[in-house]
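Coordinates in review
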Amino acid sequence: MDEKRKIIFSGIQPSGDLTLGSYMGAIRNWVELSDSYDCYYCIVDMHAITVRQDPAELRRRALSQLAQYIACGLDPQKNTLFIQSHVPAHAQLGWILDCYTMFGELSRMTQFKDKSAKNAENINAGLFTYPSLMAADILLYQSDLVPVGEDQKQHVELCRDIAQRFNGIYGDVFTLPEPFIPKTGARIMSLTTPENKMSKSDKDPGGCIYIMQKPEDILRSFKRAKTDSDTENCVRWAPAEKPGVANLMQIYSCATGLTMYEIEAEFAGKGYGDFKLKVGESVVELLRPIRERAEDLMKNKDYLISVYRDGAERAARAASRTMRKVYKKVGFVEP
Ligand code: ATP
Ligand code: LTN
């Protein structure tokens, strides 16, 4: 009866407005898991500054992201919702783990390679050591599970390697976390270039759908979504051959709960016009209550402040237990 609840940690950078990709790949699962686990859901602003940010925008987005977490169904009473920079233990453990992470390991990270190609004028040390800070986020809370989209699997695996290395030297200090990746929606692609991941830093606005976007803009983007030149039996599950259609089918499946087989049956004999409209409408209906609730919450800043303060206090308490152990193990004098 008194069995300890398993722990979950996940985070999203306030580096842009939240997308349908992050909702379907991550947040949707956070909500589902929040009943049976002890959950820490973070706004990782320290990760966000690895790419240059406008300070006022970063602050606005962090608060709006908190409102969106709550609006997506994360109850602040049941979950610890907080902002990374408010809990100094993340930076402290991040530094320590930097000393247990290898240059070669960091060099192999695809996100580092992608982001340094996109930000050639600012390949800073933080962008490079980003995964050790992410490992600190996860390990501080002795997390068992990390619900993320597929692109983050490599980082969670590196986190396990770092934890194993540390435990190998000092004994069992850290719990080894597992990634938790959804079966559908693990990788939502851009609507205009379905070979690329839908991403909030995407330069092509039509490719990305945002949680807070207005219904008419969402519908317009779906109407323009890239498909192919098939005319007969065109809504078919064939990801390699029809990436644009497969992406829309994934989105529709996530929004409605229908299987690929049921989606094919629904659109048998119909064209892309009907299909894209239906997918767009399903997303509008999925996001409508979230947007409305988030807009309401944004009017109540005092409430949001009380949520993140309370979250930071709870997180700091849990983090300090791990930090005490780590300080002792590495040989720091007790403060
Ligand atoms: P950026 O463009 O700044 O790198 P992003 O849009 O890729 O940001 P993240 O903040 O990196 O979003 O991701 C937040 C969470 O959502 C992560 O768990 C990530 O795996 C997941 N996620 C992001 N984009 C997608 C997507 N297109 N499909 C599925 N999951 C996604
Ligand atoms: N690297 C992640 C964001 C992130 C994260 C974390 C996710 C930072 N720390 C800890 C899960 C657990 C990203 O870029 N999406």
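First things first, this report covers the structure right here in the doc.

**Description of the overall build of the chain**
When its secondary structure is counted, the chain shows 13 helices and 5 strands. For 335 residues, the compact-globule formula gives about 20 Å, and the C-alpha radius of gyration of the chain, at 21 Å, lands near that figure. Projected onto the principal axes, the alpha-carbon positions of the chain cover approximately 70 × 50 × 45 Å. Counting across all 335 residues of the chain, residues that qualify as buried make up 50%. Relative to all contacts within the chain whose residues are 6 or more apart in sequence, the contacts with residues 24 or more apart total 77%. Accessible surface, the chain: about 16,100 Å² in total, of which carbon and sulfur atoms supply 51%.

**Some points on a positive patch on the surface**
Residues Lys4, Arg317, Arg321 and Arg324 make up a contiguous surface patch of positive charge. Position of arginine 317 among the secondary structure elements: in helix H13 (residues 301-330).

**A look at the site of ligand 2**
The environment of ligand 2 is formed by 14 residues, the closest being Gln13, Tyr130, Met134, Asp137 and Gln152. One of the side-chain N or O atoms of glutamine 13 is found 3.2 Å from an oxygen atom in ligand 2. One of the side-chain nitrogen or oxygen atoms of aspartate 137 is found 2.7 Å away from a nitrogen atom of ligand 2. When contributions to the shell around ligand 2 are tallied by element, the ones reaching two or more residues are strand S1 (7-12) and helix H7 (125-140). Its residues assigned to classes, the shell around ligand 2 comprises 7 nonpolar, 6 polar and 1 charged.

**Section: unusual backbone geometry**
Phi angles above zero are rare outside glycine, and glutamine 142 is one such case at about 55°. Mapped onto the fold, glutamine 142 is located in the loop between H7 and strand S4 (145-147). Even without glycine at this site, asparagine 233 takes up a positive phi of about 50°. Within the fold, asparagine 233 resides in the loop between helix H9 (215-223) and helix H10 (243-256).

**Notes on the site of ligand 1**
For ligand 1, the set of nearby residues contains 21 residues, the closest of which are Asp151, Lys197, Ser199, Lys200 and Ser201. Lysine 197 places a polar side-chain atom, nitrogen or oxygen, 2.4 Å from an oxygen atom of ligand 1. In isolation ligand 1 exposes 600 Å². Once the protein is present, 96% of that is buried. In terms of residues, the shell around ligand 1 owes the most to one element, helix H1 (residues 20-33), which gives 4 residues.

**Brief notes about the packing of aromatic side chains**
Inspection of every chain in the model, using the stated rule, returns 15 aromatic pairs. Seen from their ring centres, tyrosine 100 and tyrosine 170 are 6.0 Å apart, and the 70° between their planes marks the pair as edge-to-face. Of this pair, tyrosine 100 sits in the loop between helix H4 (89-98) and helix H5 (103-107) while tyrosine 170 sits in helix H8 (residues 153-170); the two residues are 70 residues apart in sequence, bridging distant segments of the chain. Tyrosine 100 sits in the buried class, given a relative accessible area of 14%. Joined through ring pairs, the aromatic side chains of Phe9, Tyr40, Phe82 and Tyr141 make up one cluster.

**Regarding the pattern of salt bridges**
Under the defined criterion, the tally for this structure stands at 18 salt bridges. With a shortest N-O distance of 3.7 Å, lysine 153 and glutamate 157 are connected by a salt bridge. Taken together, the residues lysine 153 and glutamate 157, both in helix H8 and 4 residues apart, mark about one turn of the helix. Overall, glutamate 157 belongs to the partly exposed group, its relative accessible area being 36%. Through salt bridges with shared partners, one network takes in Asp228, Asp230, Arg236, Glu241 and Lys242.

Reading the values: the criteria
Residues numbered from 1 in each chain as written. Chains lettered and ligands numbered in written order. Predicted model: local features only at pLDDT ≥ 70, side-chain atom pairs only at ≥ 80, totals over all residues. Heavy atoms only, no water. Helix = DSSP H or I, 4+ residues; strand = E, 2+ residues; numbered from the N terminus. Rg over C-alpha atoms; globule rule 2.2 N^0.38 Å. Buried < 20%, exposed > 50% of the residue type's maximum accessible area, 1.4 Å probe, protein only. Contact = heavy atoms within 4.5 Å. Areas by Shrake-Rupley, 256 points an atom, 1.4 Å probe, with all protein chains shown as cover. Patch = residues over 30% accessible without salt bridge, like charges linked within 9 Å, V, L, I, M, F, W, Y side chains within 5 Å. Salt bridge = Lys/Arg side-chain N within 4 Å of Asp/Glu carboxyl O. Lys, Arg positive; Asp, Glu negative; His and termini not counted. Charge placed at Lys NZ, Arg CZ, Asp CG, Glu CD. Near = heavy atom within 4 Å. Polar contact = N/O pair within 3.5 Å; in protein donor to acceptor, adjacent residues only side chain to side chain. Nonpolar A, V, L, I, M, F, W, Y, C, P; charged D, E, K, R; others polar. Phe/Tyr/Trp six-rings, centres within 6.5 Å; stacked < 30°, edge-to-face > 60°.

No statement about biological role is implied by the geometric values presented.
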